[in-house]
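A structural walkthrough
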Amino acid sequence: MGVNLAVKIGKIEMKNPVTVASGTFGFGKEIADFYDLSHLGAITVKGTSLHPWLGNEYPRTVETPSGMLNAIGLQNDGVDSFISDKLPFLRQYDVPVIVNVVGHTVEEYAEVATRLDGVEGVAGIEINISCPNVKSCMVFGATPESTAEVVRAVRRRTNLTLITKLSPNTGDITAVARAAIDAGSDALSLINTLLGTAINPWTRTFSLANVTGGLSGPAIKPVALRMVYEVAQVVDVPIIGMGGIMNGLDAVEFMLAGANAVAVGTANFVNPRAAIEVIDGIAQYLEATGFEDVNDIVGKVRRE
Amino acid sequence: MKGVYECEILAQSEIGPNVVRTLLKSSEIARQAQPGQFVNVKITSTTDPLLRRPFSIHATYPDEGVYSLLYVLRGKGTALLRKARPGDKISVVGPLGKPFDLGDSSEAEHVVVAGGCGAAPLHFLCDALCRKWGCKQVTVLAGAQSKDAVLCEAEFKSYEVNVRVSTDDGSYGYQGYVTDLLDAYLAERYSMSSQSGNSPLIRVYSCGPHEMLKEVARISRKYKVSSCQVSLENVMACGIGVCMGCVQKIKDSGHGDDSAECFHYERVCTEGPVFEAENVVWE
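Residues numbered from 1 in each chain as written. Chains lettered and ligands numbered in written order. Predicted model: local features only at pLDDT ≥ 70, side-chain atom pairs only at ≥ 80, totals over all residues.

Right, let's talk about the overall build of chain A for a bit. A count of helices and strands for chain A gives nine helices and 16 strands. For 304 residues, the compact-globule formula gives about 19 Å, and the C-alpha radius of gyration of chain A, at 18 Å, lands near that figure. Seen through its principal axes, chain A has C-alpha atoms that stretch 50 × 50 × 40 Å. Burial status across chain A gives 59% buried among its 304 residues. Taking the intrachain contacts of chain A between residues at least 6 apart in sequence as the baseline, contacts between residues at least 24 apart amount to 72%. (Helix = DSSP H or I, 4+ residues; strand = E, 2+ residues; numbered from the N terminus. Rg over C-alpha atoms; globule rule 2.2 N^0.38 Å. Buried ≥ 20, exposed ≤ 12 C-beta atoms within 10 Å, placed from the backbone. Contact = placed C-beta atoms within 7 Å.)

To continue, consider unusual backbone geometry. Each neighbour pair has its own omega, and for A:Leu190 with A:Ile191 the value is 10°, a cis peptide bond. Take A:Ile191: it is sitting in the loop between β10 (187-190) and β11 (194-197). In the segment running from B:Gly94 into B:Pro95, the intervening peptide bond is cis, with an omega of -5°. Mapped onto the elements of the fold, B:Pro95 is located in strand β6 (residues 89-96).

Bringing the confidence of the model for chain B into the picture now. Of the residues in chain B, 98% reach a pLDDT of 70 or more, and the chain-wide mean stands at 93. Reported confidences for the modelled complex are a pTM of 0.95 and an ipTM of 0.94. (pLDDT = per-residue confidence, 0-100.)

With that out of the way, let us pick up the environment of B:Phe124. Residues and elements named next belong to chain B. The topology assignment puts Phe124 in helix α3 (residues 119-133). For Phe124, a count of 24 C-beta atoms within 10 Å gives the class buried. Sequence spacing of Phe124 and Ala59 is 65 residues, and the spatial spacing of their C-alpha atoms is 4.9 Å.

This paragraph deals with the sheet that holds strand β1 (residues 4-16) of chain B. Paired through their backbone hydrogen bonds, the strands of a sheet run either parallel or antiparallel. Residues and elements named next belong to chain B. Around the barrel, which closes on itself, the six strands sit in the order β1-β2-β5-β4-β3-β6 with antiparallel pairing between neighbours. Each adjacent strand pair in this sheet contributes to an overall mean axis angle of 45°, direction not counted. With four bridges joining them, strand β4 (residues 53-61) and strand β5 (residues 66-72) adopt antiparallel strand pairing. Bridge assignment links Thr60 to a residue of β5, and that residue is Tyr67. Contacts between α3 and the sheet are confined to β4 and β5, with β4 contributing the most and set at about 30° to the helix. (Pairing = 2+ DSSP bridges. Axes fitted to C-alpha atoms, helices over the stretch in contact; angles between N-to-C directions.)

Let us look at the nonpolar core. Judged by nonpolar contacts, the single largest core of 189 residues is most densely connected at A:Ile43, A:Val228, A:Val262, B:Val112, B:Ala142 and B:Val216. When residues of this core are sorted by domain, at least three fall in each of domain 1 (4-96) and domain 2 (109-279) of chain B. If sequence neighbours within four positions are ignored, B:Ala142 has contacts with B:Ala114, B:Ala119, B:Val150, B:Glu153, B:Phe156, B:Val163, B:Val165 and B:Val178. (Core = buried A, V, L, I, M, F, W, Y, C linked by C-beta atoms within 7 Å. Domains from an automatic or database assignment.)

With four bridges connecting them, strand β5 (residues 61-64) of chain A and strand β6 (residues 67-70) of chain A associate as antiparallel partners. In the strand pairing of β6(A), A:Val62 is matched with A:Leu69.

All right, on to the domain arrangement of chain B then. Residues and elements named next belong to chain B. Domain boundaries assigned for chain B yield domain 1 (4-96) and domain 2 (109-279). Tallying the contact residues gives 19 residues for domain 1 and 19 residues for domain 2. Secondary-structure elements contributing two or more residues to the side of domain 1 that touches domain 2 are β3 (38-42), β4, β5 and β6. With six residues, β4 is the largest single contributor of residues to the side of domain 1 that touches domain 2.

The next thing to look at is the pairing of strand β16 (residues 261-264) of chain A. All names here are of chain A. Judged by which residues are buried, β16 turns out to be covered on both faces: Ala261 and Ala263 on one side and Val262 and Val264 on the other are all buried. As judged from the three bridges shared by strand β3 (residues 18-20) and β16, these two strands associate in the parallel manner. By the bridge assignment for β16, Thr19 is matched with Ala263. Relative to β16, strand β15 (residues 239-242) is paired through three bridges, and the arrangement is parallel. In the strand pairing of β16, Met242 is matched with Ala263. For the segment spanning β15, helix α7 (residues 248-257) and β16, crossover handedness is right-handed. (Right-handed = clockwise from strand over helix to strand, strands pointing away.)

If you want it as structure tokens, here you go:
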């Protein structure tokens, strides 16, 4: 009892270090049938664009060993619909809402940010320059230059806390991380999914209509953990770590690697209550190890 | 609040070639479930297979707090489920999805069209239709590849519903597709009615392979039945409406014709699995 779980990401006060990964939680309504959303540290909603996006053709998902590929294509009804139809529901809960923002052009990202700025109930923006299923989106996150261009444009339009979500599908993730911060990002989140594919040998076809998709789930955890560790060595802004977190101990590993908070993603598909169980698991770890404040374990991994 | 339930497996038995019936205990699911809904089952606690598997609900026994599933041994997940023993507990989310609409007219005739393992949810539906409207109002058309693959025939017949069976190879019942039976049945009903002058109110319900459902939809439209509902089986990742993976193209309202130009995606797990066939973009 009595451990402190509260963390701060930019101006966002989280009552515990657990949010959810964008695209694994919809806009909260479905999971609200399973528990009180106010228990979460924050909610990161599905990628939101300026205009409605239809998404990719079906099939959009396929299971892989200890993971899955998805190629949803950021299907969403657009930012105006988010504000009028989705946000009022989330305002009922005592939980910060982070909006994941996507665009085909730099101006589209900036315009979505403009529309979200000052809207009651929006606590921050996660700039998604790393979705592997929408070409423009991943292209922005692939290099430090294009990352900086998007972040700078969004920064000019809003004082909301900006979190840039980094792609693992890049040469040097630390260079992209630095570029995002220099352009005005208050925090970083990583990693997005790893680009992959799956083939059905019997039909001799790709398993996804989009051919390629993003790999997520426990299969990617070692890669994600390594990237969080590497980025934490070179930046001094808060990091939200994610990639295959299934339970409290997985989350603790990310925090030891340098994450100030974590996001639960694919685990929401397997267990709708996963994020709540991760929060409980972190608290149990702190009690078992004698830490009184969750912030005290951040970056505390040691080399023997 | 929806739940994640630990359900004890009471029994498993093979009721046909590669077809298994599983009895599970959960008073909540048995009490809440409606025909056409499904449950999402975590077959092992390991990460491979990682995702849950959706199974339509085959029967419920609310007084006993028991429900059953019917599944075909198809891949890794179902093979592992088959190995579960009575007394084992598995994690189940449900009941999920939108159920069949049983209609609101006591005049209606209900035609249930089952293809292969599509019989699973239709057994539960048949039970509900009999309770609500009386078994005399219900006709079941069941199709399978061959005699030993015909599912639930004895159960359908235990209700006093009219049952007709087809097999692709002719080893039992009518030789041909179950959609031929539907076409013949509707032709007969509408020709009888044109003689008497009273147009029958017919509701069609179907579950089975995609190509069969497409044909059921076409035939139902040909006869202008008052409703044709199909239960779809798209691959799901989450089953609860958050991943947007299991989507189906649905015609935008105001575009009832066959032009599939104007459509949007709906989630089979949440807006479905039961859809009005005329709204589906059939590809």
